[in-house]
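Summary of structural features
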Amino acid sequence: MVQPDRVHRRVYTDPEVFDLEMKRIWGRAWIFIGHESMVPEPGDFITTTLGRDPVIMVRDRRSREIRVLLNRCGHRGVKLEVRSHGNARGFRCLYHGWSYRTNGQLAGVPHAVGYDGTSFDIKKPCYQLTHIPRTDSYRGFVFASLAAEGPGLEEFLGDTKHTIDNMADRSPEGRVEVVGKVSNRFVQPANWKNFIENLNDAMHPMVAHSATGQATQTFVSTCCKEGDPRPPEAEVIQPFGGSYQFFDDMGQTALPHGHNYMGGHTSIFSHYDWPESYIADMTRAYGAARTKEILQFNRHNTTVYPSLAVRDAVQSIRVVRPVAHNETIIETWVFRLAGVPDDMLAKTLLYSRLINAPGSMVGPDDLDCYLRMQQGLGSERNDWVDFKRFSTADRVTEGGKESLGTSDLAFRNQYQAWLAYMTDAETPSAEGTDA
Ligand code: FES
């Protein structure tokens, strides 16, 4: 199904392929769960999914460490916590009242009689909240892996670490905090890979977003006199009306594990204006040279395959939560740079509203493309999805491959990682808790 420059339509449409992806990709890779700033106090938790598994990310009351636990009662499997977030002394099942500590330990069983002579033991692992085998964080970004063995988080992130570093380093205090919780969610009637491919598809903005680009050009040419500062809306939207050359010049880089990023040379954020007070705060914290280096780090969109996309310059991330072969939840989260004026957060929120939100000027264009792609790929009359653009022009570098911005390099790279995960049946994956 995967050839060097094309893939079979079944990778998007076959429920059996999706089932195997959940086991061999989402059951092995490091998957983004949440950010430490979402659970600052003991007992704070959020709920989400790791592949198909419902999980709770909680800050343990005793150790204050962050745990990622299976959100499933050890008795008969009831999902314990249905709130999206909150603060809990522990978790109590609504069915028969088994209660758990925030470290997952089974603390109590009501009317615990009738177990004499059985194998029931309150201390057995199968009766606790199952710990996800590996949990780790990088600069506050918490990931978990259902595989007990495999590359560590930093090795897995590789060069994409620098994008996460850059998001945090854009704060004079070197850290970011999630604003609210999940900012918005799309339920997309399409395969998860439609979205992850689109992130670094630089051939579509000139077509799919052309109406937005044209409207923005009109707005900019009529809204203000020559020499006036650009309105912030124009600064955000205008690059989406860029030319093929504009996107080619950005360049793109493909990395191990299916990761990649657009930009590097330039990005859609290259011509953003930053408030003088922010530059002054940054210069005080880092010095002028390092401040310049941080703000000129030109990555447009970094994909941490398969679950996360980071736009460091505007402190925004997109998170992929697959549901079925033809259904995916896409979340947008926004972050506040610690120790900076509120006008920086205003720009982050503006970007999210204009580009990523369900009612934005850009996101719905993409959604329409995913929906129609899923519909078209349902046809059995033409089996192949093509990724040949600039396939003979990849430049091999020390850490990966580079090409022009409009190359199909990112897709080819993602499918080589996909193939490696899917055909390696030996790598340990999620297994049930042994009784
Ligand atoms: Fe949870 Fe019975 S299913 S206590």
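Residues numbered from 1 in each chain as written. Predicted model: local features only at pLDDT ≥ 70, side-chain atom pairs only at ≥ 80, totals over all residues. Heavy atoms only, no water.

1. Here we look at the overall build of the protein
We apply this condition: For helices the rule is a DSSP run of H or I covering at least 4 residues; for strands it is a run of E covering at least 2, with both sets numbered from the N terminus onward. It only takes one pair of heavy atoms within 4.5 Å for two residues to be counted as in contact. Accessible areas in this description were obtained via Shrake-Rupley with a 1.4 Å probe; residue shielding takes into account the shown protein chains only.
Tallying secondary structure elements over the protein gives 14 helices and 23 strands in all. Each principal axis of the C-alpha atoms in the protein carries an extent, and together these give about 85 × 60 × 40 Å. Of all intrachain contacts in the protein linking residues separated by at least 6 positions in sequence, the fraction that spans at least 24 positions is 67%. Taken as a whole, the protein presents about 19,200 Å² of accessible surface, with 50% of it coming from carbon and sulfur.

2. Thoughts on helix H13 (residues 363-377)
As a reminder, the rule being used: Given the number of residues in a helix, its expected span is that number minus one, multiplied by 1.5 Å. Here's how the labels work: a residue is buried when its accessible area is under 20% of the maximum for its type, exposed when over 50%, partly exposed in between, all with a 1.4 Å probe on protein chains only. By construction, the arc corresponds to the directions joining the helix axis to the C-beta atoms.
If you check H13, its first and last C-alpha atoms are 21 Å apart, about what 15 residues at 1.5 Å a residue would give, namely 21 Å. Listing the buried residues of H13 in full gives Gly363, Asp366, Tyr370, Gln374 and Leu377. Buried residues of H13, seen end-on, are gathered within an arc of 75° and therefore sit on one face of the element. Looking at H13, the residues exposed on the side facing more than 90 degrees away from the buried face are Arg372 and Gln375. Packed against the buried residues of H13 are helix H1 (10-13), strand S14 (184-188), helix H5 (192-198), helix H12 (342-356) and strand S21 (384-386).

3. Observations regarding the nonpolar core
Threshold: Buried Ala, Val, Leu, Ile, Met, Phe, Trp, Tyr and Cys residues form a nonpolar core when they are joined through side-chain atoms within 4.5 Å.
Ranked by size, the top nonpolar core spans 90 residues in total, and within it Phe141, Phe143, Ile317, Tyr351 and Trp418 carry the most contacts. Take this core: its biggest share by element is seven residues, from helix H14 (residues 409-423). Setting aside its immediate chain neighbours within four residues, Tyr351 contacts Val236, Phe240, Ile268, Phe269, Tyr272, Arg311, Val314 and Asn356. Counting residues in hydrophobic clusters, the runner-up holds 17 residues, among them Phe45, Ala88, Leu106 and Tyr127.

4. Quick look at the pairing of strand S4 (residues 44-50)
We count it as follows: Note on pairing: DSSP must find at least two bridges between two strands before they are called paired.
Among the seven residues of S4, six are classified as buried, and the element is accordingly described as predominantly covered. Note: S4 against strand S5 (residues 53-59), six bridges, orientation antiparallel. Its bridge partner being in S5, Thr49 is matched across the sheet by Pro54. Following S4, the chain reverses through two residues before pairing antiparallel with S5; Gly51 in that reversal takes a positive phi of roughly 60°.

5. A closer look at the layout of surface pockets
Short version of the rule: A cavity here means a set of 1 Å grid points, computed over protein atoms only, where a 1.4 Å probe fits but cannot escape. A pocket is an open set with protein on both sides within 12 Å along at least 5 of 7 lines, and lining residues have an atom within 4 Å of a point. Grid points are joined across faces, edges and corners, and a volume is the space filled by probe spheres set on the points. Gly is placed with the polar residues, together with every amino acid not listed as nonpolar (Ala, Val, Leu, Ile, Met, Phe, Trp, Tyr, Cys and Pro) or charged (Asp, Glu, Lys and Arg).
Reported here for the largest pocket is a volume of approximately 320 Å³. Glu197, Asp201, His204, Met373 and Phe411 are, among the 14 residues lining the largest pocket, the residues nearest its centre. Within the residue set of the lining of the largest pocket, elements represented by two or more residues are H5, H13 and S21. Taken together, the residues of the lining of the largest pocket break down into seven nonpolar, three polar and four charged.

6. Digging into the side chain of Gln252
This is how it is decided: Within 3.5 Å is the distance limit for a polar contact, defined as a pair of N or O atoms, with the added protein rule that one can donate a hydrogen and the other accept it, and that residues adjacent in sequence qualify only through two side-chain atoms.
Mapped onto the secondary structure, Gln252 falls in strand S15 (residues 252-254). For Gln252, a relative accessible area of 2% puts it in the buried group. Looking at Gln252, its side chain comes within polar contact range of the main-chain oxygen of Ser407, at 2.8 Å. Here Ala410 takes part through its backbone nitrogen, which lies 3.3 Å from a polar atom of the side chain of Gln252. Beyond its immediate stretch of four places on either side in the chain, Gln252 contacts Tyr261, Met262, Gly263, Lys401, Glu402, Ser403, Leu404, Gly405, Thr406, Ser407, Leu409 and Ala410.

7. A closer look at the packing of aromatic side chains
Just so we agree on the cut-off: Stacked, tilted and edge-to-face are the three classes assigned to paired rings of Phe, Tyr and Trp, where Trp is represented by its six-membered ring and a pair needs centres within 6.5 Å; plane angles under 30 degrees give stacked, over 60 edge-to-face, the rest tilted. Here, a charge over a ring means that NZ of Lys or CZ of Arg falls within 6 Å of the ring centre while also lying within 35 degrees of the ring normal.
Counting across every chain of the model gives 18 aromatic pairs. With a centroid separation of 6.5 Å and an interplanar angle of 65°, the aromatic rings of Tyr12 and Tyr415 are classed as edge-to-face. With a gap of 403 residues between them, Tyr12 in helix H1 and Tyr415 in helix H14 connect regions that are remote in the sequence. Residue Tyr12 shares its accessibility class with Tyr415, and that shared class is buried. Here the aromatic rings of Phe387 and Tyr415 are separated by 5.7 Å at their centres, their planes lie at 20°, and the arrangement is stacked. Here the residue Phe387 occupies a position in the loop between S21 and strand S22 (395-396), and Tyr415 occupies one in helix H14, the gap between them amounting to 28 residues. The cationic tip of Arg6 hangs over the ring face of Trp384; the distance from NZ or CZ to the ring centre is 3.9 Å. When the ring centre of Tyr261 is taken as reference, the NZ or CZ atom of Arg299 above it lies at 3.7 Å.

8. Looking at the pattern of salt bridges
Our working definition: By convention in these notes, a salt bridge is any Lys or Arg side-chain nitrogen within 4 Å of a carboxyl oxygen on Asp or Glu.
Tallied over the entire structure, the rule returns 23 salt bridges. One salt bridge in this structure joins Arg10 and Asp14, with 2.8 Å as the shortest N-O distance. You can call Arg10 partly exposed: its relative accessible area is 35%. In the salt-bridge network here, residues are joined through shared partners; they are Arg139, Asp165, Asp169, Arg290 and Glu293.

Remember, this is a structural readout, not a statement about activity or role.
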